[in-house]
Amino acid sequence: IPMFIVFYKDLLSNFDQSLKRLNDYLGIESTEDDLKCVRDHNEGVFHRQHTEDPFAKLKTDEKSWKPKMEIVEKLIQQCVSEGRCLTSGSLKLL
């Protein structure tokens, strides 16, 4: 099954390139005006009100999640190397 994996960090660091790669994967032609429209409206209207850091537990519990993330990274790299999927640019989660 073909798959496109979007990394959040790619959206933050290079939004335009990530969006262009996704559009190419989907076969959607996009103009510079289309990309500008998405850039101008990418925040949306809904924002959660956090009273505490939602990632605090992850920061203190690295021993439990890091090995799982390493497994996922290997699977993504294998998927890309076999030509079964593409990414928004990155190959690493961490």
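Keep in mind that what you see is a predicted model, and the values were worked out from it rather than measured. (Residues numbered from 1 in each chain as written. Predicted model: local features only at pLDDT ≥ 70, side-chain atom pairs only at ≥ 80, totals over all residues. Heavy atoms only, no water.)

A. Up close: the overall build of the protein chain. Helix and strand counts for the protein chain stand at five helices and two strands. Listing the helices and strands of the protein chain from first to last along the sequence gives β-α-α-α-α-α-β. Here the protein chain has a C-alpha radius of gyration of 16 Å; the compact-globule value for 94 residues is 12 Å, and the former is much larger. With the C-alpha coordinates aligned to their principal axes, the bounding extent of the protein chain is approximately 45 × 40 × 20 Å. When contacts within the protein chain are restricted to residue pairs at least 6 apart in sequence, long-range pairs at least 24 apart make up 56% of them. (Helix = DSSP H or I, 4+ residues; strand = E, 2+ residues; numbered from the N terminus. Rg over C-alpha atoms; globule rule 2.2 N^0.38 Å. Contact = heavy atoms within 4.5 Å.)

B. A look at the packing of aromatic side chains. This structure, assessed with the given rule, holds one aromatic pair. Taking the centre distance of 5.3 Å and the plane angle of 40° together, the rings of F4 and Y25 count as tilted. On the criterion of sequence distance, the pair formed by F4 in strand β1 (residues 3-5) and Y25 in helix α2 (residues 15-26) is long-range, its members being 21 residues apart. A relative accessible area of 14% places F4 in the buried class. In this structure Y25 comes out as partly exposed when scored by relative accessible area, which is 29%. (Phe/Tyr/Trp six-rings, centres within 6.5 Å; stacked < 30°, edge-to-face > 60°. Buried < 20%, exposed > 50% of the residue type's maximum accessible area, 1.4 Å probe, protein only.)

C. The arrangement of the nonpolar core in detail. Among the nonpolar cores identified, the biggest contains five residues, and these are I5, F7, I76, C79 and C85. With residues up to four places along the chain from it excluded, the contact list for I5 reads I76, C85, L86, T87 and S88. (Core = buried A, V, L, I, M, F, W, Y, C linked by side-chain atoms within 4.5 Å.)

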